[in-house]
Amino acid sequence: MSLDDLSVLLLWTAIAIYTLAFLAFSVDLARRSELAIAAQDAKTREHAKTLVASGGQTIADIRSEEAAAKAALEARPSQRARFLFARLGTVLTVLGFLFHLGADVTRGIAAGRVPWSNNYEFALTGTMLVIAVFLGVLFKYDLRFLGAFVTGLIVVLLGGAALAYYVEVVPLSDPLKSIWLVIHVFVASLASAFLALAFALSIVQLLQSRRERLAIAAAGTDAAPRTRLPFLRTLPSAEVLEGLAYRFAIIGFILWTFTLIAGAIWANDAWGRYWGFDTKEVWTFVIWVLYAGYIHARATRGWRGTRSAWLSIVGFTAVLFNFTIVNQFFKGLHSYSGLG
Amino acid sequence: MSRPSSDNDTVDGPLRPSDHLETTADGAASAPVAPKLGFVEWLRWGWRQLTSMRTALVLLLLLAIAAIPGSLVPQRSADPNGVSQWRATNPDLYPVFDALQLFDVYTSVWFSSIYILLFISLIGCVLPRTKHHWKALRARPPRTPARLSRLDDHAERTVAVPDGEDAAGHAAHAIDLAEAQLKSLRYRVERYEVGGAVSVSAERGYVRETGNLVFHGALIGVLLSVGIGGGFTYTGQTVITEGDGFVNSLGLGYTSFNPGRFVDTENDLVPYSITLDEFDVTYLEPGTQGAGQSGDFAAHVSTRFPGEDAQSDVIRVNHPITMAGDRIYLMGNGYAPTITIRNADGDVVFNESVPFLPDGATMTSQGVVKVPDGITTTDGESEQLGLAGFFYPTAATLESGALTSAYGDLANPLLTFWVYAGDLGIDDGTPRSVYALDPTGMEQIAGNDSGVDSLELAPGETVDLPDGLGTITFEDETANGAAESVKRYVSLSIHNDSGATWVLVFAILALLGLFAALFVPRRRMWVKATPGDGTVLIEYAGLARGEDPAIAIAVDALARDHGAALGELEPASDAAPRQATPNVD
Ligand code: HEM
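Residues numbered from 1 in each chain as written. Chains lettered and ligands numbered in written order. Predicted model: local features only at pLDDT ≥ 70, side-chain atom pairs only at ≥ 80, totals over all residues. Heavy atoms only, no water.

Chain B carries the name Cytochrome c biogenesis protein ResB in an unreviewed UniProt entry, which gives Microbacterium dauci as its organism. In the Subcellular location (unreviewed entry) part of its UniProt record, chain B is described as follows: "Membrane". (UniProt positions renumbered as here; feature names shortened; annotations may be inferred.)

You'll find chain A entered in an unreviewed UniProt entry as C-type cytochrome biogenesis protein CcsB, with Microbacterium dauci given as the organism. Recorded in UniProt under Subcellular location (unreviewed entry), the annotation for chain A is "Membrane".

Here it is, written out as structure tokens:
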């Protein structure tokens, strides 16, 4: 078995483990739902006993729920709630990550260069960085509620890349023989990893803010607010999620700014001009401007909240589009997808 | 958030457009109101709209959207051949797209309007903020708010006055300690005293606003460098065959040359010369992964400034050489078969190495030979000849019988020609590409439907031209001592772009500014001591200016450290450690 075959084997093992992690995290969310419902039932019973209002929550209930969720988010690892399935999911994700790392390293050794020189390898390394950043952030914030989303996304992206983008190792073409391949592409992948987490948080934020609107509308009335995703009640408030998404997005944005500059320096060495509105350059620019818009939106009256979250989602959609459709189908100087 | 301040020498926070989240209600009230007033007011209203956050945001989003068509439709600047192809496949849509400037998106009226408006907005935004920030940098931290307990991030403790001290003295002592502590945390501090209560007001993180201004200012710098630098930029292309040279001068060397507006083409070009000694390339052998792929391109050249000795140098992809401030890039390579044509009398009428344009990795290449003079027909009339040919470095026959090249290297070189006789259309002075032949007004005498087979030659071979017009020879260069039978050529691109350095400088400034603008927290802190009856109430409060996830932690830490410095051991009331979450499983 060649080293590259080993890499592929490790990769599929990683995908299988991530799938299990996804299942564990999903069960975790379902169990949180049960918890949330049980808590609500208990409260309802209490309310009924004391003959205060019936089904719904009061604003004070909502606020205390939010405070508890925020404290849980920021709790140190040793003080976190011991959700069995969330822990299982985390352990599986770590395990999957080790196999993923192994797949990436063996691919690099097999190729005798950095493993990010064509679409297959970009996907391999980029998704690995998403997991790495996610696991790294877990030390600071309890983001395990994102686990199902993140591992699910990675299984789809990585599985898709392994099926659609796999190419055997071939030597680099001349324009790629540059130190900037190592720097520019790696930083772009790292930026994408942070933007991916911002994207995930923005989506949860949108779900959460919808639930909050309903809950507040229903507060104090008889009607219990109806949500299809009760686990949202155990998650931080939309505002907290937004702040967190923003923090990931600005790190991603700075890295992307660096990517843009490094790419221009490389283009100046390879093609004799630092900027030429080549398709790939156009998309890098579009993404940069979208995120600049997102950062502005966060500071503009009437745009913070749901609207800016949509910009974060659109921004990351553009990142994915750039990586898949643009790399593969758009004509330009950057024809490095390796897909012929 | 911001409080009215009576002091003239305090400046309340950074200046923001009126629809920024942090501007106060009175700022917002001055936002859109239908202007019923005079022209000047109307202008002022328009200006405020243009420099608002909302406008900047909308323009940014428009810019992102407007940039996209340029990646879908080929652009004249980047891909002129793509535009011609597009025109050929969509003849009906072409005029519509062209009228919409979709082939020149980035210089189009609509794209330019967006970014020019954006930059006007940017300048209108940055200038007043810079002035304001300049004042803020030299102002005192603002007065301590009357009721600190109303701020979100707040803590307090009551301390007993030690024996032998009075409450006012102990309060002053507490504030001394707080002031020293805040100073060591790099806060700018100011003491205030109102009705017996002493307080220290502190502010830090002015660098955040500085960074923001540097970032936005640097963007203007980038745009100016691109715009002005473009005027001093020149780029040119040239083709050099092995053994030949190039002189950096307009008349002599360039196949194309694009000078910026301010370039003096007479005097700005230093007449250095470059000779291509040898072009190296490696091909991955058949049977290996990536077989046929070429790489490790290296143009071995001799360069020379007038009156100096020649120097050897190598130009590679990603490694241009620099001559007199010009950067010289290796852009492409191909084969230049040497062809000799003799007329019926045996006189040489053409003898050149003709660069053929390659297509694809196997280097099937196309080229053209034009013979304007020296050929006469058997009837004694003079005739011009045009030959359109293919060169196959490794000729192979497809099942259909057509020729192709199987490999990029010279394993089985073959040259084929169609021949046309008649008027080349070059006598009237219209410029014609050396790579294209326009056969209108000519008669095809070999190849295709002409009834005569196309000419086929291997290196060293000579064949007859049709109709007794003469002979054509494909010279074998090894006969002249060369290593390979066919010469290679390189295409070089020569650039002089003095603006690029400035673009880079401003881009790096922008990046540094961005770091400060996004990651340096700007916050205010207050510590107030109010003497009571045998006790002193000490309050701590903090206020974030802009994103600051760590403000609560900072207030807690300040309260804790200050308590310790005062000799108080019990934690301040709000600063209690956070409750651990209970185990659920
Ligand atoms: C070329 C167009 C522009 C780009 C790419 C851009 C980009 C950015 C970025 C990345 C930030 C975040 C950094 C920071 O917080 O300092 C920012 C912030 C900011 N920009 Fe711009 N900007 C542009 C134009 C403008 C214009 C025209 C205005 C004026 C209306 C403006 C006003 C601001 C303000 C006030 C902030 C601070 C936001 C806050 O308080 O968090 N920008 N901009």
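K.L.:
Explain the coordination of the iron atom of the ligand here, please?
P.N.:
By definition of the ideal shapes, a tetrahedral metal site with four donors has angles of 109.5 degrees and an octahedral site with six donors has angles of 90 or 180 degrees. Coordination of the iron atom of the ligand by the protein comes from His296(A) (NE2) and His216(B) (NE2), over a distance range of 2.0 Å. The buried category is assigned to His296(A), whose relative accessible area is 17%. (Donors = N, O, S within 2.8 Å, 3.2 Å for Na, K, Ca; no water. Buried < 20%, exposed > 50% of the residue type's maximum accessible area, 1.4 Å probe, protein only.)

K.L.:
Please clarify how the UniProt feature "transmembrane region" (unreviewed entry) in chain B should be interpreted in this entry.
P.N.:
Residue and element names in this part refer to chain B. According to UniProt, the feature "transmembrane region" (unreviewed entry) maps to residues 56-73, 109-128, 213-234 and 499-520 in the numbering used here. Strand forms 0% of residues 109-128 and helix 100%; the C-alpha atoms that close the span are 29 Å apart. Secondary structure within residues 499-520 divides into 95% helix and 0% strand; the distance between the first and last C-alpha atoms comes to 31 Å. (Helix = DSSP H or I, 4+ residues; strand = E, 2+ residues; numbered from the N terminus.)

K.L.:
Explanation requested: the packing of helix α6 (residues 179-218) of chain A against helix α7 (residues 238-270) of chain A in the structure shown.
P.N.:
For any two helices packed against each other, the geometry is given by the interaxial angle and the distance between the axes. All names here are of chain A. Close contact between α6 and α7 brings their axes to 7 Å; oriented N to C, the two are set at 155 degrees. For the element pair α6 / α7, the angle class is roughly antiparallel. When you trace α6 past α7, the crossing you get is left-handed. (Axes fitted to C-alpha atoms, helices over the stretch in contact; angles between N-to-C directions. Parallel < 35°, antiparallel > 145°, perpendicular 65-115°, else oblique. Left-handed = near helix turned anticlockwise from the far one by under 90°.)

K.L.:
Just to check I follow, could you spell out the domain arrangement of chain B for this structure?
P.N.:
Accessible area lost upon the coming together of the parts serves often as the stated size of an interface. Residue and element names in this part refer to chain B. For chain B, the assigned domains read domain 1 (39-132), domain 2 (140-205 + 521-574), domain 3 (210-228 + 501-513) and domain 4 (234-496). Each partner contributes residues to the interface: domain 1 has seven residues there, and domain 3 has six residues. Here domain 1 meets domain 3 over a buried area of about 660 Å², counting both sides, of which 84% is carbon and sulfur. Summed over the three residues of domain 1 that lose the most area to domain 3, namely Phe 119, Leu 122 and Arg 129, the buried surface amounts to 62% of that side. (Domains from an automatic or database assignment. Contact = heavy atoms within 4.5 Å. Buried area = accessible area lost by both parts, 1.4 Å probe.)

K.L.:
Can you walk me through the pattern of salt bridges in this structure?
P.N.:
As a working rule, side chains carrying opposite charge can pair if their charged atoms are close by. By the definition in use, this model includes 27 salt bridges over all chains. Close ionic contact of Glu121(A) with Arg107(A) constitutes a salt bridge, the shortest N to O distance being 2.7 Å. Taken as a pair, Glu121(A) in helix α4 (residues 119-138) and Arg107(A) in helix α3 (residues 84-111) lie far apart in primary sequence, 14 residues in all. Accessibility expressed as a relative area gives 0% for Glu121(A), which makes it buried. Of the charged contacts in the structure, one is a salt bridge between Arg560(B) and Asp561(B), with a shortest N-O distance of 3.9 Å. On the accessibility criterion, Arg560(B) (54% relative accessible area) is exposed. (Salt bridge = Lys/Arg side-chain N within 4 Å of Asp/Glu carboxyl O.)

K.L.:
Just to check I follow, could you spell out the site of the ligand for this structure?
P.N.:
Close contacts around the ligand come from 26 residues, with His296(A), His20(B), Cys125(B), Asn212(B) and His216(B) the closest. Those residues lying near the ligand are distributed over chains A and B. Within the contact set of the ligand, a nitrogen atom lies 2.4 Å away from a side-chain nitrogen or oxygen of His296(A). Within the contact set of the ligand, an oxygen atom lies 2.7 Å away from a side-chain nitrogen or oxygen of His20(B). Per element, the largest residue contribution to the shell around the ligand is five residues, and it comes from helix α7 (residues 109-137) of chain B. Of the residues assigned to the shell around the ligand, the class counts are 17 nonpolar, seven polar and two charged. (Near = heavy atom within 4 Å. Polar contact = N/O pair within 3.5 Å; in protein donor to acceptor, adjacent residues only side chain to side chain. Nonpolar A, V, L, I, M, F, W, Y, C, P; charged D, E, K, R; others polar.)

K.L.:
Would you mind going over the interface of chain B and chain A with me for this structure?
P.N.:
Listed per partner, the contact involves 59 residues of chain B and 60 residues of chain A. In total, chain B and chain A occlude about 5,200 Å² of area from one another, counting both sides; carbon and sulfur atoms represent 64% of this. Linking chain B with chain A are four salt bridges. Counting every contact that joins chain B to chain A gives 17 residue pairs in polar contact (both at pLDDT 80 or more). For the side of chain B that touches chain A, the secondary-structure elements that each account for two or more residues are α3 (53-67), α4 (69-72), α9 (206-231), β8 (294-304), β11 (326-336) and α10 (499-519) of chain B. Taken together, the residues that form the side of chain B that touches chain A break down as 36 nonpolar, 15 polar and eight charged.

K.L.:
Got a minute to help me understand the UniProt feature "transmembrane region" (unreviewed entry) in chain A in this structure?
P.N.:
Residues and elements named next belong to chain A. Sites flagged by UniProt as "transmembrane region" (unreviewed entry) map to residues 6-25, 84-102, 122-139, 146-167, 179-204, 244-267, 282-297 and 309-330. A helix fraction of 94% and a strand fraction of 0% characterise residues 122-139, whose end C-alpha atoms lie 26 Å from each other. Secondary structure content for residues 244-267 is 100% helix and 0% strand, while the C-alpha to C-alpha distance between its ends is 34 Å.

K.L.:
Teacher, can you tell me more about the layout of surface pockets here?
P.N.:
In this approach, a probe sized like a water molecule rolls over the atoms, and the result shows the empty space that is left. All names here are of chain A. As a volume, the second largest pocket reaches approximately 900 Å³. Taken together, 45 residues make up the lining of the second largest pocket; nearest its centre are Phe 122, Ala 188, Lys 280, Phe 323 and Asn 327. Among the secondary structure elements, those contributing two or more residues to the lining of the second largest pocket are α4, α5 (147-164), α6, α7, α8 (279-298) and α9 (306-329). Split by residue class, the lining of the second largest pocket holds 28 nonpolar, 15 polar and two charged. (1 Å grid on protein atoms, 1.4 Å probe; cavity = no way out; pocket = protein on both sides within 12 Å on 5 of 7 lines; lining within 4 Å. Points joined across faces, edges and corners; volume = space filled by probe spheres on them.)

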